[in-house]
Amino acid sequence: MGPARALSLAGVLSLAGVLAGDSGVQPAGSPLPLDLGHTGVPGKDALNHGRGLDASLDCREVRKHNSSEWCRFIRSNPDCRLEGGFLNYLEGIFCVFPPQLLPLAVTLYALWLLYLFIILGVTAEKFFCPNLSAISTNLKLSHNVAVFSLTCPLHGVTFLAFGNGAPDVFSAVVAFSDPRTAGLAIGAIFGAGVFVTTVVAGGIALVKPFTAASRPFLRDVIFYMVAIFLTFLVLYFGRITLGEALGYLGLYVFYVFTVVLCTWIHRRQRQEGLAPPGPWEPEMPTDAEEQESSGTNSGDYGEEYRPLLPSQETSLHIFTSALSPLDYRKWRRKPWYWRLFKVFKMPVELMLLLTVPVVDPDKDDLNWKRPLNCLHILTSPLLCILTLKSGTYGLYQIQGVFPVWGLVILVGSTLAIIIFISTSNEEPPKYHCVFAFLGFLASAMWINAAATELVNILRTLGIIFQLSNTVLGLTLLAWGNSIGDTFSNLTMARQGYPRMAFSACFGGIIFNILVGVGLGCLLQMTSSQPVVKLEPDSLLVWILAGALGLSLVFSFVSVPAQCFQLSKAYGICLLLYYLAFLCVALLTEFRVIHLSA
């Protein structure tokens, strides 16, 4: 999606090991089905597996009871328990707020939902991606996308794709961790696919008609259609095995290999004069444009925190200036709506600045802020243990006496003092690259925590309005995760790079579906039960899968038929297609469209 975010496949798998404790792995025995149907809850056998409860206790039935019984129903019904997270949204809305204030509670929840999307976006763009950029630099992966090389496509389809799809993948992993919210994952992955390949791609064609890069387009669409076909088969057979989950990840590795191989072949042909530059090749920004783009991407945390004077500064001044999320010069020249949005972002930006170090390879000092980075030695590990499995590990007491968080504070404080004494404000230490890995892990934990809260609040809203997880996934979750990429791709198209933005529409979502489904289901498997059951009992799931496949077939046929000359008419067709799909999906959700008995 947007060219600003990313992480490698190896990073995903290593991170999965860290987060496995929070993934809700199934116990041994018969596999717990992941119900993707209308109610979003397991069926009769699965819901009460080991609980011995009546299958009719669906949490969505709470509003069918008298309002005086809502709180008791929520607290006594195991199906109303939210997995993970720091806040119990169901008890909050049904036990804390009186029934007459239910609209106020829903409004507050909706605002908090929007703020969670802001947290995801800010964390991925301002902290997650710059640290991944620093990691890729240390791994000797080139950032000069203006030059065709082996490292250029590898960086784009691994680090760029992961940073771009981090919120989507984390949301999918969290949703798959609970059988009752698995429909959110399928709905979000498929829904975002339909949204990006129709609304975003159509918007790019409307903003700036262009000639599409033919070979990358055909390659990406073919791989994406294969991924959709595999997912369709998994849903049809109602289960995904260990081999199939690994097959998803293997297919993405093969996609990366294909991108690298194709680019290498074309580069050799160009060097030998056999393949002159053609319209198939996506346009790339120049070095100056890339540097400017990278300066705006990494942030408001670039020039914004550069000292105004080259003279030596005190540690206190460095600390306070590095912690300020606001550039007053920039504030004065920005419009009012930017200022309003900045005010909403400032609290989360301040918390992120306190807990997540950022290494910027484009700066002379690599963004080394000695007092703040020393504080990060303490706050980043503390954040990780307090967010992992909703703080369960952090609150654990060693031998029932000393808490883990206390040990982390003790060790972190000692290391922070040692680093502060042994370094200077002017020059970063040789091991400064370690802070990029620490920042990557801390920002990943922020995203994971926000994604967990996001899934729980969406499930709560589904229970309140009696909506399926699938429709919540294909609308709210898909829109929220895609809105940032929509603006970034449309902005890129306006700046004169529509082919690059169009390629990002299809290339990024391949990562989301292959890694999102593959990794999400893989984390639910155990050595004794390497199978996860998927039960698409709702017609909506099939409509969603069919709509995504049909949109890809439409582009696969119509784009070559236009000789890859994409006009505004093509963009209008895609937008109309999405509106028709959305109408059919909502009519199906409300049972206007349904299968006869």
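Residues numbered from 1 in each chain as written. Predicted model: local features only at pLDDT ≥ 70, side-chain atom pairs only at ≥ 80, totals over all residues. Heavy atoms only, no water.

**So, the environment of proline 357**
So, point 1. Its place among the elements puts proline 357 in the loop between helix H13 (336–355) and helix H14 (370–387).
So, point 2. With relative accessibility at 1%, the residue proline 357 sits in the buried group.
So, point 3. Along the backbone, proline 357 and asparagine 373 are 16 residues apart, and their C-alpha atoms lie at a distance of 6.3 Å. (Helix = DSSP H or I, 4+ residues; strand = E, 2+ residues; numbered from the N terminus. Buried < 20%, exposed > 50% of the residue type's maximum accessible area, 1.4 Å probe, protein only.)

**Some thoughts on the packing of aromatic side chains**
How two aromatic rings sit relative to each other is given by the distance of their centres and the angle of their planes.
So, point 1. Here the structure, examined in full by the defined rule, presents 19 aromatic pairs.
So, point 2. The interplanar angle of 65° and the centroid separation of 5.1 Å between the aromatic rings of phenylalanine 223 and tyrosine 255 together place this pair among those described as edge-to-face. Here the residue phenylalanine 223 occupies a position in helix H8 (residues 214–237), and tyrosine 255 occupies one in helix H9 (residues 242–271), the gap between them amounting to 32 residues. Neither residue differs from the other here; phenylalanine 223 and tyrosine 255 are each classed as buried.
So, point 3. For the pair tyrosine 578 and phenylalanine 581, a centre-to-centre distance of 5.8 Å together with 50° between the ring planes defines the contact as tilted. Taken together, the residues span about one helical turn, with tyrosine 578 and phenylalanine 581 both in helix H20 (residues 568–589) at a distance of three residues.
So, point 4. Its relative accessible area of 5% is what places phenylalanine 581 among the buried residues.
So, point 5. In textbook terms, an aromatic cluster arises when at least three aromatic residues are bridged by ring pairs, as seen for Phe223, Tyr252, Phe254, Tyr255 and Phe511.
So, point 6. A cation sits over an aromatic face here: arginine 370 above phenylalanine 420, 3.9 Å from the ring centre. (Phe/Tyr/Trp six-rings, centres within 6.5 Å; stacked < 30°, edge-to-face > 60°. Lys NZ or Arg CZ within 6 Å of the ring centre and 35° of its normal.)

**Regarding unusual backbone geometry**
A negative phi holds for most residues other than glycine; trans holds for most peptide bonds.
So, point 1. Although it is not a glycine, glutamine 399 adopts a positive phi angle of roughly 55°.
So, point 2. Despite not being glycine, cysteine 563 has its phi angle at roughly 60°, a positive value.
So, point 3. Looking at the secondary structure, you find cysteine 563 in the loop between helix H19 (539–561) and strand S7 (565–566).
So, point 4. Overall, cysteine 563 belongs to the exposed group, its relative accessible area being 57%.

**Details of helix H15 (residues 404–422)**
So, point 1. If you check H15, its first and last C-alpha atoms are 27 Å apart, about what 19 residues at 1.5 Å a residue would give, namely 27 Å.
So, point 2. Taken together, the buried positions of H15 are Val404, Gly406, Val408, Gly412, Ala416 and Ile419.
So, point 3. Those residues of H15 that are buried lie in contact with H14, strand S4 (397–398) and strand S5 (402–403). (Expected span 1.5 Å × (residues − 1). Contact = heavy atoms within 4.5 Å.)

**Quick look at the nonpolar core**
Most often, soluble globular proteins have nonpolar side chains that are buried together.
So, point 1. Of all hydrophobic cores here, the largest spans 145 residues; its most connected members are Phe94, Phe190, Ile240, Phe502 and Ile513.
So, point 2. The greatest single-element share of this core, amounting to 18 residues, is contributed by helix H5 (residues 102–138).
So, point 3. With residues up to four places along the chain from it excluded, the contact list for isoleucine 240 reads Val234, Ala245, Tyr248, Val517, Cys521, Met525, Pro530, Val531, Val532 and Leu534. (Core = buried A, V, L, I, M, F, W, Y, C linked by side-chain atoms within 4.5 Å.)

**Quick word on helix H4 (residues 89–96)**
So, point 1. Residues of H4 that are buried include every one of Tyr89, Leu90, Gly92, Ile93 and Phe94, and no others.
So, point 2. Buried-residue contacts for H4 involve helix H3 (70–76), H5 and helix H16 (433–465).

**So, the environment of threonine 491**
So, point 1. Along the chain, threonine 491 turns up in helix H17 (residues 469–494).
So, point 2. Along the chain, threonine 491 and alanine 501 lie 10 residues apart, while their C-alpha atoms are 8.7 Å from each other.

**Some points on the confidence of the model for the protein chain**
So, point 1. Considering every residue of the protein chain, the mean pLDDT works out to 79; 79% of them sit at 70 or more.
So, point 2. Here residues 38–56 is a poorly scored stretch, pLDDT under 50, and it has 39 contacts once near neighbours within four places are set aside; other chains count. (pLDDT = per-residue confidence, 0-100.)

**What about the side chain of histidine 376?**
So, point 1. Relative to the helices and strands, histidine 376 resides in helix H14.
So, point 2. Histidine 376 gets classed as buried once you look at its relative accessible area, which sits at 2%.

**Here we look at the state of the cysteines**
So, point 1. Enumeration over the complete set of coordinates arrives at two disulfides.
So, point 2. Here cysteine 59 pairs with cysteine 80 through a disulfide, and the sulfurs are 2.1 Å apart. Of note, the bridge from cysteine 59 to cysteine 80 carries an S-S torsion of about 120° and is right-handed in sense. Of the two residues, cysteine 59 is situated in the loop between helix H2 (44–47) and H3 and cysteine 80 in the loop between H3 and H4; the sequence distance between them amounts to 21 residues.
So, point 3. Assessed through its relative accessible area of 0%, cysteine 59 is described here as buried.
So, point 4. Classification of cysteine 80 by relative accessible area gives buried; the value is 2%.
So, point 5. Shown here is the disulfide that connects cysteine 71 with cysteine 95, its sulfur atoms set 2.2 Å apart. Where cysteine 71 bonds to cysteine 95 through sulfur, the torsion about that S-S bond is close to 105°, and the disulfide is right-handed. With cysteine 71 in helix H3 and cysteine 95 in helix H4, this pair connects stretches of sequence that are 24 residues apart.
So, point 6. If the cysteines joined by disulfides in the protein chain are listed in sequence order, their pairing comes out as 1-3, 2-4. (Disulfide = S-S within 2.5 Å.)

**Quick notes on the pattern of salt bridges**
So, point 1. Tallying each qualifying case throughout the model produces eight salt bridges.
So, point 2. Salt-bridge contacts for aspartate 327 lead to arginine 329; the nearest nitrogen and oxygen are separated by 3.5 Å.
So, point 3. Owing to a relative accessible area of 39%, arginine 329 belongs among the partly exposed residues under this scheme.
So, point 4. Three or more residues are tied together by salt bridges with common partners; here these are Lys342, Lys345 and Glu349. (Salt bridge = Lys/Arg side-chain N within 4 Å of Asp/Glu carboxyl O.)

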